[in-house]
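What the coordinates show
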Amino acid sequence: MKTLLWKLCSSYFLLAALILTLCLAAASLLLQQSVISQAQDELAAQARLLRVRLERQDAAAYGGICAEFSAALGSRFTVISAAGQVLADSEQDLHFDNHADRPEILAALAGAVGVSRRRSHSLGKELLYVAVPLRRGDEIWGAARAALPAYLLDERLAYLRGTLLLAAVPALLLAAAASFLLALRVSKPLQEIEQGVLRFTQGSLRHRIRITGPLEITNLAESCNRMAAQLDEQSESLRKQLALLESTFRSMAEAVIVLDPEGRILRCNQAAGRLFSFDPSAAEQRDIQEVIRLADVQQFFEKTIQQGGGATEDIITISAGREKILSANGARLRSESGANAGALLVFHDITRLKRLETMRRDFAANVSHELKTPITAISGFVETLRDGALHEPDAERFLDIIARNVQRLRTIIEDLLALARLEQEEESGQISLSWKAVRPVLENAAAICAKAAAEKNISLELDCPDTLRARLNAPLLEQAVVNLLDNAVKYSSSQKSRVILRAAQEQGGVLIVVQDFGCGIPREHHARLFERFYRVDKARSCKLGGTGLGLAIVKHIVQAHHGAVSVESAPGRGSVFTVRLPG
Ligand code: ADP
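Residues numbered from 1 in each chain as written. Predicted model: local features only at pLDDT ≥ 70, side-chain atom pairs only at ≥ 80, totals over all residues. Heavy atoms only, no water.

**Overview of the packing of helix 1 (residues 4-54) against helix 4 (residues 150-201)**
Contact geometry for helix 1 and helix 4: axes closest at 8 Å, N-to-C directions at 160°. Taken together, the axis directions place helix 1 and helix 4 in an arrangement best described as roughly antiparallel. For the pair helix 1 and helix 4, the sense of crossing is right-handed. Of the residues that constitute the contact of helix 1 with helix 4, the class distribution is 30 nonpolar, five polar and three charged. (Axes fitted to C-alpha atoms, helices over the stretch in contact; angles between N-to-C directions. Helix = DSSP H or I, 4+ residues; strand = E, 2+ residues; numbered from the N terminus. Parallel < 35°, antiparallel > 145°, perpendicular 65-115°, else oblique. Left-handed = near helix turned anticlockwise from the far one by under 90°. Nonpolar A, V, L, I, M, F, W, Y, C, P; charged D, E, K, R; others polar.)

**Some thoughts on the pattern of salt bridges**
Two side chains with opposite charge may pair up if their charged atoms get near one another. Here the structure, examined in full by the defined rule, presents 30 salt bridges. Notably, a salt bridge pairs D97 with R102, separated by 2.9 Å at the nearest N-O pair. Taking relative accessible area as the criterion, D97 reaches 40% and is therefore assigned partly exposed. In this structure, a network of salt bridges that share partners links the residues E246, R250, R267 and E284. (Salt bridge = Lys/Arg side-chain N within 4 Å of Asp/Glu carboxyl O. Buried < 20%, exposed > 50% of the residue type's maximum accessible area, 1.4 Å probe, protein only.)

**Considerations on the nonpolar core**
Core analysis: the largest hydrophobic core is formed by 53 residues, its most contacted members being V438, L442, V481, L485, I512, L529 and F577. The element best represented in this core is helix 12 (residues 474-490), accounting for nine residues. Each of domain 3 (355-428) and domain 4 (434-582) contributes no fewer than three residues to this core. Residue contacts for I512: discarding those within four places in its chain leaves V438, L442, L477, V481, L501, R502, A503, F577, T578, V579 and L581. Grouped together as the second largest cluster of nonpolar side chains are 25 residues, V35, I65, F69 and A88 included. (Core = buried A, V, L, I, M, F, W, Y, C linked by side-chain atoms within 4.5 Å. Domains from an automatic or database assignment. Contact = heavy atoms within 4.5 Å.)

**A few points about the sheet that holds strand 5 (residues 139-149)**
Here we have five strands laid out as an open sheet, ordered 2-1-5-4-3, and antiparallel in their pairing. Of all strands in the sheet, those bounded by a partner on one side alone are strand 2 (86-89) and strand 3 (114-119). Going from strand to strand, the sheet's axes swing by 25° on average, the running direction of each strand aside. In the sheet, strand 3 pairs with strand 4 (residues 126-136) via six bridges, with the strands oriented antiparallel. Within the sheet, the bridge partner assigned to R119 lies in strand 4 and is E126. (Pairing = 2+ DSSP bridges.)

**A few points about unusual backbone geometry**
Positive phi outside glycine occurs at R56, with the angle close to 55°. Relative to the helices and strands, R56 is located in the loop between helix 1 and helix 2 (62-73). For R56, a relative accessible area of 80% puts it in the exposed group. Phi is positive for N457, close to 60°, though the residue is something other than glycine. Relative to the helices and strands, N457 is located in the loop between helix 11 (439-455) and strand 12 (459-463).

Encoded structure:
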C-alpha cells in the first residue's frame, strides 16, 4: 500500500508538472508568434530597403541588386511588376509564372504590406513572404518581396523551445523537492501520531504525543493525548477495583470456586485450596471432579446448575482421618444475554461451629443431669422428713445426706461459675500473665491440699528450684495445681501413698508435674479426660465429691497460659499429669 508521503508527494509533483507544462505550452506559443512576427518585421524592413535601392534604377539592374541583397542578408528577393510578372529574383535560374495571384503580392499591389507563408511554386519548398508596394508617385507599379525559408524559422523556434525545455528541468527538480518537503510537513506529524497511538495500544498510556505542524494535525495529536489520559484514568481505577476484588477474594475465609457450565474451574481462592487440599494456582481450567475428588461437591455443582436459584447444603467430608462439616452455598451465573455461564460455589467450614453446638447441647444435658441427682436426693429426704421422719432416729442421717447434696450442688455451681469466668476472661483477653517465681504458687497449692493428704496419710512432696520463673497468673495456676493435687490425693487408693509435685526448667519452658501412685486411668479414657463432666468411674468420683469439671478447669487455665497439659497413666500404676508452660 502506498504511503501518505508518497501519495501527497506524487500529487503535488504531478500538479506542479502540469502547471509547468501549461506554462511551457503558453511560452512556446508566444515564442512562435514572436519569432514569426520578428521574421516578418525583418523581411518587411529588407523589402523596404530593396525598394529604396531600386529607386532610380533601370529594370536591367534589378537582378543584380536582388542577388547582391540576397548575398548580404541571406533572404530571397524578388521584384514583381503590377501585372504579376517577375522582373528580377535572387534565384536567377528559375522560371517564373505570373505572380499576380500570390496573396502577399495582391496585398502589396493594394498598397499594404503583404505577408504569406506557403509553398513556393518555383522552389518547391515552404517560405515566408513579405511584400511591399513599389511606387512611382502615387502609382504602384510593382512589389518588392523578401522571403525566408520556413525551415529557418522552425530551426530558430526549435532552438528556443529547446532552451525553454532545458530551463524547465531544474524547475521540475525544484518542484519535486518542494513537493517532497510539503508532503513531509503533513505526513511526518501524522507518522508521529501513528507511533504515539501504537505506544498507547501497547499500554504506555502515560506517553504523550508532542508534534509541531498544521493546526488540524496538532489538534488531532492533542485529542489523542486527552483520550490516552482518560483511558489511563479509567484503567487505573479499574486496576484498583480489580486489586481490591482480588485481595478480598484471596483473603476470604470462605472457599470460593467459580465454574463454567461444563464444570471447569475458572477461578478459586486460597481458602478453597486449603479446604480441599489442592494448589489453587494449578487448578484453573481443570475439571472440578479432577481437582476435588468428592462426589458430594460434584453433585452439589450439578444441583446448583439445575436449580437455577441459590442452593444450600451441608456436606460431610473426611480429610486426613478427621470429619469436616462444610456448609455449601451455590448460585448459578448468567451471562449478560441471560445464558447459563456456570456457577459460583462458596464453602464454609462449620465443623467447629457444629462441634460447639453439640458441646453446648451435651453440656446443658450434662449440667441438668448433674444437678438433677442431688436435687432429687434433697427433695426425697425433705419429703421423708415432712412425712413424719423428722422425729425418728434416722432424721440426723437424712439431714446429713441433704447437707452433703447441698454441698455437692454448691461445688458443681462453683466449678461451673469458675469455668464460665475463665472462658469469658480468656475470650476478652483479661487474663494477665507476668514473670514470677513458680515455687510460691506450688507451695500455696500444696498447703491447700495438705489437710486432705494428711487425712489419708499421704505424703505430699514438693520439688521445685527457688529460681524457677515463668510467665504466669498466680491465682489461676494455683487453682490448676490444686485441682491436680486434689485428684492425686482423691484417687490415691492406698494409705501411706505419695504424691509428688515437681517443677523444673525444660528446653523451651517450665514443666510442672503431679504424680501419684493411685488407681491410674485406662488408656482409652486419656483423650477425653479433660472434657467437662467426663469421669472414668462416675460412682467413685461422686463418692469422692468430684464434679467432673476439675480437669476441664485445669485445661482452660493452662490454655490461658499458652501451655499444654497431658497425662500418662496406667491402671494400678498411678498417674502423671504434666503441665507445660512456654518459656
Ligand atoms: P472429678 O471431679 O470427678 O475428679 P476431674 O475432671 O478432676 O473430675 O477428673 C475427671 C476424671 O478423671 C475423674 O472422674 C477420674 O476418673 C479421673 N482422674 C482424674 N485425676 C485422676 C488421678 N490422679 N488418678 C486417677 N484418676 C483420675
